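So you can see what is in the structure, the chains are spelled out below.
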Amino acid sequence: MSIIRRLLLREHVSWTQLTGFFIAGLVGAGIVLFGVQAWADLHPFFSPDDGFIKKDYIVITKRVGALDLLNRRGNLFTAAERDELARQPFADRVGAFTPSRFQVSAGIQVQGAGFTTDMFFESVPDEFVDARDERWTYNPGDSEIPIILPRNYLNLYNFGFARSRDLPTISEGVVSMLRLSVRVTGNGHADAFAGRVTGFSNRLNTILVPEPFMAWANARYATAPPADPARLIIETGNPANKEIAKYFQQRGYDAENDKLNDGSVVWFLNILTTAVIAIGLLICLLALYLLTISIYLIIQKNSDKLRDLLLIGYRVREIAAPYQMLVVVVNAIVAVLAITAVLVARAHYIPFLTKIWPEFVPATPAPAIACSLALFVLTCFLNILALRLRLRKI
Amino acid sequence: MEQITLQQVVPDIFARQPPAGSEIWGNQIAFNKGQTYLLQAASGKGKTSLCSYLHGSRDDYAGQILFDHRDAKRNSPREWGELRRTSIGILLQGLRLFPELSAIDNIRLKNRLTRHRSEEWIRETLESLDIADKTNAPVAKISFGQQQRVALARALCQPLDFLLLDEPVSHLDDDNNRRVADLLAREATRHGFAIIVTSIGKHPPLSYNQTLRL
């Protein structure tokens, strides 16, 4: 230890005060880093679209009332209603669900045994489909139809049915390998197709086929004339916009999935993490204050010595050096321990989250590390600034 | 720096009633590099004030102190720091040593700043001042006379144009007084700096170029 460090630090550093700063700093930094990291980990999960501009989608229907039994057109969206909706400022784009107007049955054959069920298809314009890839095309005459299923169908089976019956769970990959035998009949035609599940949608709660197939098949197999859509999909920048809920309520529209709530979940998550980070920052600030006061006290106790050092030619920079070293070392230890604590906590919550949400993809720990670095630089800078200002007054 | 000039300098405390018969206060006096001066006075005549003015720790005076041709009051804290490292040394009456450090560490503390002396010079100097046996003793545990010699060795650990000694030998016996004088004479001859000694009676036996009454 250099003579000046020994002179200025050894006898006058209050270890209780330093410990106080240390604990406060650690708790504060830990909370901030945890908040930042948890936000980074969870946020993408609540907002599925990872574009620069977050988009969200709302699927709406008209409320089905008792009288609608008599009036079958009552819960369809007319062209005028669709236009009006499209003109609303919150609606970036509006798309319609086109239902199949022909009979569909689909079956699976596994080692000779099999089953068949009646079903239906729907289509939406491609830009609303979240799970499409290069297989998501159909040209009239193709014998294979790409199909997208709602992810929650699979979840319902895996986490509900399979679990209750001790059946094996099925991965998305396995489902994609199955070939469905699809039979389409109507208007005097009956054709067989191969159905292949190409994806699972979080957004669209229906059995989806490409729009070109639907247009072609409705033209070929349907006998009834085209009807207005019963469901619309709306792309919006902010599903939590209060105007949307108000508009829907006035017109008796129901948001089908919980997108509106998802918006509030994101909002809630943001508020929660902001609050957590704010509390952490407040504690950090108090810790910073504590360390500054503690150093001021040391300087106060050492003021005669500091004056004598100036008298024999020491510069403020040189007498500040031991205190700066103390600040940097203590802050560095706090930063390292805080980031370690967050990484340990994360190692515990990541497996838990992965267990309840199989598709959960954690973020990298970079946000917490960057944040701890920034906190370290900021606290050192503020401490050293306060220190220099105080020493100039000696 | 070659010259320190005092022009009608009067400490504020004497503003109403300047000490009668002072050859310094209210007069024009020049101290030149390479010369040796003895300033004699009874207590309370402003010896320590003068040293503080020349060393920049106080500026409560009227008149002007010129370092070469520059008004000392215009020095910034940074410039005073520079002067204290490279030009003006001082041995204060109160010594201002750090009691918890050993004798040699007190000297090193200054020398590490200036890198002016070798470790060997420091040890030889402690030897020549007859305090080699106190090298590692905490300053708090040695006598005031011994502390005066440590402070002197410390004051010599820098390049000097002027060395101010405020009653440097007040607590020394004649033998040690001579040791101090020998060291000062040797260093002043070798490095060519001026020595300004204040005294209320006892002072190192040097060949003074000028003796002034404060």
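Further up the page is the structure itself.
Model, not experiment: these values are computed from the prediction. (Residues numbered from 1 in each chain as written. Chains lettered and ligands numbered in written order. Predicted model: local features only at pLDDT ≥ 70, side-chain atom pairs only at ≥ 80, totals over all residues.)

### Quick word on the overall build of chain A
Quick note on the threshold: We count a stretch as a helix when DSSP gives it H or I for four or more residues in a row; a strand needs E for two or more, and each element gets its number in order from the N terminus. To sort residues by exposure, count the other C-beta atoms lying within 10 Å of each residue's C-beta; 20 or more gives buried, 12 or fewer gives exposed, and values between give partly exposed, all with C-beta atoms placed from the backbone.
Along its length, chain A carries 11 helices and 11 strands. Counting all 394 residues of chain A, 29% fall into the buried class.

### Remarks on the sheet that holds strand β1 (residues 3-11) of chain B
The pairing of strands in a sheet comes from backbone hydrogen bonds and takes either a parallel or an antiparallel form. All names here are of chain B. Quick note on the threshold: At least two bridges found by DSSP between two strands are what make those strands a pair.
The sheet built from 4 strands is open, its strands ordered β2-β1-β4-β5 with antiparallel pairing. Looking at strand neighbours, the two that pair on one side only are β2 (28-32) and β5 (70-71), the edges of this open sheet. Where β1 lies against strand β4 (residues 61-67), 6 bridges are found, and the strand directions are antiparallel. Pairing of Val 10 across the sheet is with Ala 62, part of β4.

### A word on the sheet that holds strand β10 (residues 231-236) of chain A
All names here are of chain A. Formally: Orientation is described by axes fitted as lines to C-alpha atoms, over the contacting stretch for helices, and by angles from 0 to 180 degrees between their N-to-C directions. Each residue is represented by a C-beta atom placed from its backbone, and any two residues with such atoms within 7 Å are regarded as in contact.
The strand order β2-β10-β1-β11 describes an open sheet built from 4 strands, whose pairing is antiparallel. Of all strands in the sheet, those bounded by a partner on one side alone are β2 (93-96) and β11 (253-255). When the angles between neighbouring strand axes are averaged without regard to direction, this sheet yields 30 degrees. Sheet topology note: the strand β1 (residues 56-62)/β10 ladder contains 6 bridges and is antiparallel. If you follow Val 59 over to β10, its bridge partner there is Ile 233. Contacts between helix α3 (residues 79-87) and the sheet are confined to β2 and β10, with β2 contributing the most and set at about 155 degrees to the helix.

### Considering the interface of chain B and chain A
The accessible area lost on association of the parts is a frequent measure of interface size. Contact residues are listed per partner, giving 15 residues for chain B and 12 residues for chain A. Elements with a minimum of two residues in the side of chain B that touches chain A: α2 (77-86) and α3 (103-114) of chain B. Tallying contributions element by element places α3(B) first for the side of chain B that touches chain A, with 6 residues.

### Let's talk about unusual backbone geometry
All names here are of chain B. A positive phi angle, near 60 degrees, is found at Arg 96, a position not held by glycine. Along the polypeptide, Arg 96 turns up in the loop between β6 (88-91) and α3. The partly exposed category is assigned to Arg 96, around which 18 C-beta atoms lie within 10 Å. One non-glycine residue, Arg 115, lies in positive phi territory at about 50 degrees. Among the secondary structure elements, Arg 115 is positioned in the loop between α3 and α4 (119-128). Classification of Arg 115 by C-beta neighbours within 10 Å gives exposed; the count is 9.

### Remarks on the pairing of strand β9 (residues 189-201) of chain A
Of the strand pairs in this sheet, strand β7 (residues 144-150) of chain A and β9(A) are connected by 7 bridges, and their pairing is parallel. Note on β9(A): the bridge partner recorded for A:Ile145 is A:Gly195.

### Overview of helix α1 (residues 47-55) of chain B
All names here are of chain B. Taking burial as the measure, the 9 residues of α1 include 7 buried ones, the bulk of the element. Buried residues of α1: Lys 47, Leu 50, Cys 51, Ser 52, Tyr 53, Leu 54 and His 55, and no others. At the exit of α1 stands Gly 56, carrying a positive phi of roughly 80 degrees.

### Describing the packing of α3(B) against helix α5 (residues 144-155) of chain B
All names here are of chain B. Convention followed: Orientation is classified from the angle alone, with under 35 degrees giving roughly parallel, over 145 giving roughly antiparallel, 65 to 115 giving roughly perpendicular, and any other angle giving oblique. Handedness of a crossing is defined here by the sense of rotation of the near helix relative to the far one, left-handed for an anticlockwise turn of less than a right angle and right-handed for a clockwise turn. All residues other than Ala, Val, Leu, Ile, Met, Phe, Trp, Tyr, Cys, Pro, Asp, Glu, Lys and Arg, Gly among them, are scored as polar; the first ten of these are nonpolar and the last four charged.
For the pair α3 and α5, the least separation of the axes is 8 Å and the interaxial angle reads 25 degrees. Between α3 and α5, the angle falls in the class roughly parallel. At the point where α3 passes α5, the crossing takes the right-handed sense. For the pair α3 and α5, contact is made by Ala 103, Asn 106, Ile 107 and Lys 110 and by Val 150, Ala 153 and Arg 154, respectively. When the residues that make up the contact of α3 with α5 are grouped by side-chain class, the tally is 4 nonpolar, 1 polar and 2 charged.

### Brief notes about helix α7 (residues 242-251) of chain A
α7(A) sits mainly on the outside: 1 of its 10 residues count as buried. Once α7(A) finishes, A:Gly252 follows within two positions and takes phi at roughly 75 degrees, a positive value.

### Regarding the environment of A:Ile147
Residue and element names in this part refer to chain A. Tracing the backbone shows Ile 147 in strand β7. Separated by 61 residues in the primary sequence, Ile 147 and Leu 208 place their C-alpha atoms 5.6 Å from one another. Setting aside anything within four residues of it in sequence, one finds Ile 147 in contact with Gly 195, Arg 196, Val 197, Thr 198, Ile 207, Leu 208 and Val 209.

### Here we look at the environment of A:Ile319
Residue and element names in this part refer to chain A. With respect to the secondary-structure elements, Ile 319 resides in helix α10 (residues 316-356). It is 10.0 Å that separates the C-alpha atoms of Ile 319 and Lys 305, two residues lying 14 residues apart in sequence. When near neighbours in sequence (up to four residues on either side) are disregarded, Ile 319 contacts Leu 8, Leu 306, Leu 309, Tyr 314 and Leu 391.

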